[in-house]
Amino acid sequence: AGGIFHDVALDAIRQFERRIQNLDMWKGFCGMASDFHRALCDPGVSFVNYVFASSGAGASGVGQENITLDGDGEAVPLKVAFMLAKRNGVEDLLLPAGFDALTEPSSAMLRSAFRFKVKYAMSDEPLWKRRMEMRRVEQMWEDFLM
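Cut-off values and rules
- Residues numbered from 1 in each chain as written.
- Predicted model: local features only at pLDDT ≥ 70, side-chain atom pairs only at ≥ 80, totals over all residues.
- Heavy atoms only, no water.
- 1 Å grid on protein atoms, 1.4 Å probe; cavity = no way out; pocket = protein on both sides within 12 Å on 5 of 7 lines; lining within 4 Å.
- Points joined across faces, edges and corners; volume = space filled by probe spheres on them.
- Helix = DSSP H or I, 4+ residues; strand = E, 2+ residues; numbered from the N terminus.
- Nonpolar A, V, L, I, M, F, W, Y, C, P; charged D, E, K, R; others polar.
- Buried < 20%, exposed > 50% of the residue type's maximum accessible area, 1.4 Å probe, protein only.
- Arc of directions from axis to C-beta.
- Contact = heavy atoms within 4.5 Å.
- Salt bridge = Lys/Arg side-chain N within 4 Å of Asp/Glu carboxyl O.

A. Spatial organisation of the layout of surface pockets. Considered as a void within the structure, the largest pocket measures approximately 210 Å³ in volume. Taken together, K79, F82, M83, K86, E91, L95, F99, D100, A101 and L102 make up the lining of the largest pocket. In terms of residue count, helix α5 (residues 78–87) provides more of the lining of the largest pocket than any other element does, four residues in total. Looking at the lining of the largest pocket residue by residue, the class counts come to six nonpolar, no polar and four charged. By volume, the second largest pocket is sized at about 180 Å³. In this structure, the second largest pocket is lined by 13 residues; those nearest its centre are Q21, N22, W26, C41 and D42. Secondary structure elements with two or more residues in the lining of the second largest pocket: α1 (7–21) and α2 (24–32). The leading source of residues in the lining of the second largest pocket is α2, at four residues. Grouping the amino acids of the lining of the second largest pocket by side-chain chemistry returns four nonpolar, three polar and six charged.

The structure is reproduced here in structure tokens:
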């Protein structure tokens, strides 16, 4: 495969994403997410997580293997990564519009998606406190972006 799907390019993307995910501010925001939503920022939704999926023994340990889309494994064939992205319904999010992995295994573009769903106050708290906490989190976000 060529373009951005070359193994060197995909590994460079994986290394870049890991560097930003190791930033203290990133960890702070991601750590504020609920356990349910934390996977949206750690590891996030990234094609390299599909390419470099981890594998391990299934629960029974006999003849089963689990795949974890975390970007911490060895590279799988690109066709497998494309199939997994399609099966999970993220191909339109990660791949260019109209991209067809079967006929066009090369591209100059690829997207990753990371979401920080942060709970900053309880709905039964006074409005002044919710606003104060919202401003605090907004300032943290601004500091992170700078």
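Now that the structure has been shown, the text picks up again.
B. Structural detail: α2. Taken together, the buried positions of α2 are occupied by W26, F29 and C30. All buried residues of α2 lie within an arc of 95 degrees about the axis, which places them on one face of the element. Of the surrounding elements, those touching the buried residues of α2 are α1, α3 (35–38) and α7 (127–145).

C. Here's a closer look at the pattern of salt bridges. Inspection of the entire model under this criterion finds five salt bridges. Of the charged contacts in the structure, one is a salt bridge between R14 and D11, with a shortest N-O distance of 3.0 Å. With R14 and D11 both in helix α1 and three residues apart, this pair spans about one turn of that helix. Relative accessible area serves as the criterion here: at 17%, R14 is assigned to the buried category.

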